[in-house]
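Each chain, written out:
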Amino acid sequence: MFKTLRRDIRSVFERDPAARSRLEVLFCYPGLHAVWFHRLAHWCWTHRLKFLGRFTSHVSRFLTGIEIHPGARLGPGLFIDHGMGVVIGETAEVGENVTVYQGVTLGGTSLEKVKRHPTIGSNVVIGSGAKVLGPFTVGENSRIGSGSVVVKEVPPNSVVVGIPGRITHRDGRKVEHKIDLNMTDLPDPVARTLQSLAERVAELERTIEELRRLLPTVPLSGAGERSRHQPGELEGIVRSASQD
Ligand SMILES: CC(C)(COP(=O)(O)OP(=O)(O)OC[C@H]1O[C@@H](n2cnc3c(N)ncnc32)[C@H](O)[C@@H]1OP(=O)(O)O)[C@@H](O)C(=O)NCCC(=O)NCCS
């Protein structure tokens, strides 16, 4: 318990160059206060004291401007810098040493009571104002640019920016999003239609051949010969032949 709290304090010094003293960190960092309130709220939530957990989280929100649902699972070393406007949903999971700036939302996109918030891997940095929405994973060591809206899985060691979030770097290498300028293999709707008509004609020819074979006495070629069958009789023969 004390180890975790000490680690929370250390994370402030590691990630905020403006932090000067322990006293300052203890009294002037709402992000730290919110994480500690959350640890208490989460304990209540998981020990059948749901209302107390919810109320603790509400008091924390009132004092810090950071809303963390007591059901969320936060790893050690989480640092919420500045904090105001941060929202972390009920089924969110956050790994170790994650950094979150002001205005970040770890939100859900479903109204069902299932896992609907993201899972954030260890050492992830989520820039100010970024929204991560949905029950997918943001891989460890990834960084999400400020103002991004991330709506699908992020592999580890990636940099994601923009709306919707797209990966610009992965494993230290730039990811190219090339424009497809290939004009030689464009689909040709006229050729497709002709092809389909040719196939249909071939199929009809095959059917006629088959009928000729089955009904040798019927002049289907329209060569002027009169059928020996009565009107309507031919239809019946064709129908029974196709049923066979
Ligand atoms: C996303 C981020 C982590 C990338 O940092 P980085 O690895 O140093 O990458 P770069 O700054 O070289 O940017 C990489 C590319 O993404 C673009 N980019 C960076 N941040 C962006 C953002 N927030 N939105 C859109 N594009 C962004 C850059 O223009 C660059 O594009 P290019 O390759 O076409 O030139 C960083 O820009 C960021 O947003 N950090 C959050 C910081 C923050 O919120 N601070 C709040 C303090 S209060």
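A few points on the structure. Since we're looking at a predicted model, the values are computed, not measured.

### Things to note about the overall build of the protein
- Helix and strand counts for the protein stand at six helices and 16 strands.
- Counting contacts in the protein only where the partners sit at least 6 residues apart, residues at least 24 apart contribute 30% of the total.

### Describing the packing of aromatic side chains
- Counting across every chain of the model gives two aromatic pairs.
- Consider the rings of Y29 and F79, whose centres lie 6.5 Å apart with planes at 40 degrees: the pair is tilted. Here F79 lies in strand β3 (residues 79-80) and Y29 lies in the loop between α2 (22-28) and α3 (30-46), a separation of 50 residues in the sequence.
- The class for Y29 is buried, based on a relative accessible area of 9%.
- A residue is classified by how much of its surface remains accessible, and F79, at 1% relative accessible area, is buried.
- Both rings, one in F51 and one in F55, keep their centres 6.0 Å apart while their planes meet at 15 degrees; by these two values the pair is stacked. Pair noted here: F51 and F55 are both in helix α4 (residues 50-64), with a separation of four residues, about one helical turn.

### Brief notes about the site of the ligand
- Taken together, the neighbourhood of the ligand is formed by H82, Y101, Q102, G127, S128, R143, G145, S146, V159, V161, H169 and K174.
- A distance of 2.7 Å is found between an oxygen atom of the ligand and a side-chain nitrogen or oxygen belonging to R143.
- S146 places a main-chain nitrogen or oxygen 2.8 Å from a nitrogen atom of the ligand.
- Isolated, the ligand exposes 920 Å² of accessible area, and the fraction of that covered by the protein chains is 49%.

### A word on the sheet that holds strand β5 (residues 93-94)
- Spatially, β2-β5-β8-β11 is the arrangement adopted by the four strands of the open sheet, whose pairing is parallel. Taken across any chain shown, the strands that pair with only one partner, and hence form the sheet edges, are β2 (73-74) and β11 (137-138).
- When β2 meets β5, the two strands line up parallel, connected through two bridges. Within the sheet, the bridge partner assigned to R73 lies in β5 and is E93.

### A closer look at the pattern of salt bridges
- Summed over the entire model, instances satisfying the criterion amount to 10 salt bridges.
- Here E14 makes a salt bridge to R10, at a shortest N to O gap of 3.7 Å. Here E14 pairs with R10, and both are found in helix α1 (residues 2-15), just four residues apart, close to one helical turn.
- Residue class for E14 comes out exposed when judged on its relative accessible area of 54%.
- Residues E93 and K115 are paired through a salt bridge, measuring 3.0 Å at the closest nitrogen-oxygen approach.

### A word on the pairing of strand β15 (residues 166-170)
- As defined by bridge partners, strand β14 (residues 158-161) adjoins β15 across four bridges and the pair is classed as antiparallel. Considered in β15, the bridge of V159 is made with H169.
- Pairing analysis gives two bridges linking β15 to strand β16 (residues 173-174), with the strands arranged antiparallel. The residue of β16 that forms the bridge with H169 is K174.

### Structural notes on the packing of α1 against α3
- Close contact between α1 and α3 brings their axes to 11 Å; oriented N to C, the two are set at 160 degrees. Taken as axis vectors, α1 and α3 run roughly antiparallel relative to one another. The way α1 lies across α3 gives a crossing that is right-handed. Judged by residue contacts, T4, L5, D8, I9 and V12 of α1 engage L32, V35, W36 and R39 from α3.
- Its residues placed into classes, the contact of α1 with α3 shows six nonpolar, one polar and two charged.

### Some remarks on a nonpolar patch on the surface
- A contiguous nonpolar surface patch, about 330 Å² in accessible area, is contributed by L23, L26 and F27.
- As for its position among the elements, L26 is in helix α2.

### Notes on α4
- Over its 15 residues, α4 extends 21 Å from the first C-alpha to the last, a length consistent with the 21 Å expected when each residue adds 1.5 Å.
- Those residues of α4 that fall on the buried side of the exposure criterion are G53, T56, S57, S60 and T64. Burial along α4 is one-sided: seen end-on, the buried residues are contained in an arc of 95 degrees. Seen from the buried face of α4, the exposed residues on the opposite side, beyond 90 degrees, are F51 and F62.
- Elements in contact with the buried residues of α4: α3 and β1 (67-68).

Criteria and cut-off values
Residues numbered from 1 in each chain as written. Predicted model: local features only at pLDDT ≥ 70, side-chain atom pairs only at ≥ 80, totals over all residues. Heavy atoms only, no water. Helix = DSSP H or I, 4+ residues; strand = E, 2+ residues; numbered from the N terminus. Contact = heavy atoms within 4.5 Å. Phe/Tyr/Trp six-rings, centres within 6.5 Å; stacked < 30°, edge-to-face > 60°. Buried < 20%, exposed > 50% of the residue type's maximum accessible area, 1.4 Å probe, protein only. Near = heavy atom within 4 Å. Polar contact = N/O pair within 3.5 Å; in protein donor to acceptor, adjacent residues only side chain to side chain. Areas by Shrake-Rupley, 256 points an atom, 1.4 Å probe, with all protein chains shown as cover. Pairing = 2+ DSSP bridges. Salt bridge = Lys/Arg side-chain N within 4 Å of Asp/Glu carboxyl O. Axes fitted to C-alpha atoms, helices over the stretch in contact; angles between N-to-C directions. Parallel < 35°, antiparallel > 145°, perpendicular 65-115°, else oblique. Left-handed = near helix turned anticlockwise from the far one by under 90°. Nonpolar A, V, L, I, M, F, W, Y, C, P; charged D, E, K, R; others polar. Patch = residues over 30% accessible without salt bridge, like charges linked within 9 Å, V, L, I, M, F, W, Y side chains within 5 Å. Expected span 1.5 Å × (residues − 1). Arc of directions from axis to C-beta.

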